[in-house]
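Residue-level listing of the chains:
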Amino acid sequence: GFTAPACRAPSNEADCAKTFITSFGKRAFRRPLRTQEVDRYVALYQDERTRTTYAGGIAQVVETMLQSPKFIYRSELGEPTAGTRRRLTAYEVATQLSY
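Predicted model only: the values in this text are computed from it and were never measured. Each residue is numbered by its place in its chain's sequence as written, counting from 1. The predicted nature of this model means local features are confined to residues of pLDDT at least 70 and side-chain atom pairs, given and counted, to a pLDDT of 80 or more, with totals for whole chains, interfaces and linings taken over all residues. Hydrogens and waters are ignored; side-chain quantities use all the structure's heavy atoms.

Trainee: What's the story with the state of the cysteines in this structure? I'm lost.
Mentor: Such a bond, covalent and formed between the sulfur atoms of two cysteines, is termed a disulfide. Two cysteine sulfur atoms make up a disulfide if the distance between them is within 2.5 Å. What the rule picks out here adds up to 1 disulfide. The partner cysteine of Cys7 in its disulfide is Cys16, sulfur to sulfur 2.0 Å. Between Cys7 and Cys16 the disulfide shows an S-S torsion of about 70 degrees. By sign, it is right-handed. In this structure, Cys7 and Cys16 share a single accessibility class: buried. We call a residue buried when its accessible area falls under 20% of the maximum for its residue type, exposed when it is over 50%, and partly exposed in between, using a 1.4 Å probe and counting protein chains only.

This is the structure in structure tokens:
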């Protein structure tokens with residue numbers, strides 16, 4: 001089973017959750033999460049936390065991230081350049097090389 005990482009400051013579980021979301025998301029999606037992505041996962045954590053424990057909220061975040069198309073599929077959208085061409089980001093190139 002899944003064991004959530006311990007929060008060293010139980011009085012500040014929200015900060016622990018945000019730190020976990022940021023670090024785990026970077027590894028799962030092979031790139032840093034955008035601010036709005038972090039905010040959505042924090043909201044998901046907080047919603048689940050109202051019904052369960054800190055560990056339950058973290059487990060919900062992990063389950064959701066691991067079911068995301070951003071985790072399952074390799075994305076190569078790139079960044080716009082001059083004209084209609086696009087250039088892969090550094091994270092997309094690194095992901096491509098890892099395969």
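Trainee: How should I be thinking about the packing of aromatic side chains in this particular structure?
Mentor: The relative placement of two aromatic rings is captured by the distance of their centres and the angle of their planes. Planes of paired rings set the category: under 30 degrees apart is stacked, over 60 is edge-to-face and the rest tilted, where pairs are Phe, Tyr or Trp rings (Trp by its six-membered ring) whose centres lie within 6.5 Å. Taken as a whole and judged by the stated rule, the model has 3 aromatic pairs. Note on Phe20 and Phe24: the rings are 5.3 Å apart at their centroids and 10 degrees apart in plane angle, and the pair reads as stacked. Here Phe24 and Phe20 lie together in helix 1 (residues 13-29), a separation of 4 residues that amounts to about one turn. Measuring from ring centre to ring centre gives 6.0 Å for Tyr45 and Tyr54, while their planes differ by 70 degrees; the resulting arrangement is edge-to-face. Of the two residues, Tyr45 and Tyr54, both sit in the buried class. The way it works is that DSSP assigns letters per residue, a run of H or I at least four long becomes a helix, a run of E at least two long becomes a strand, and they are numbered from the N terminus.

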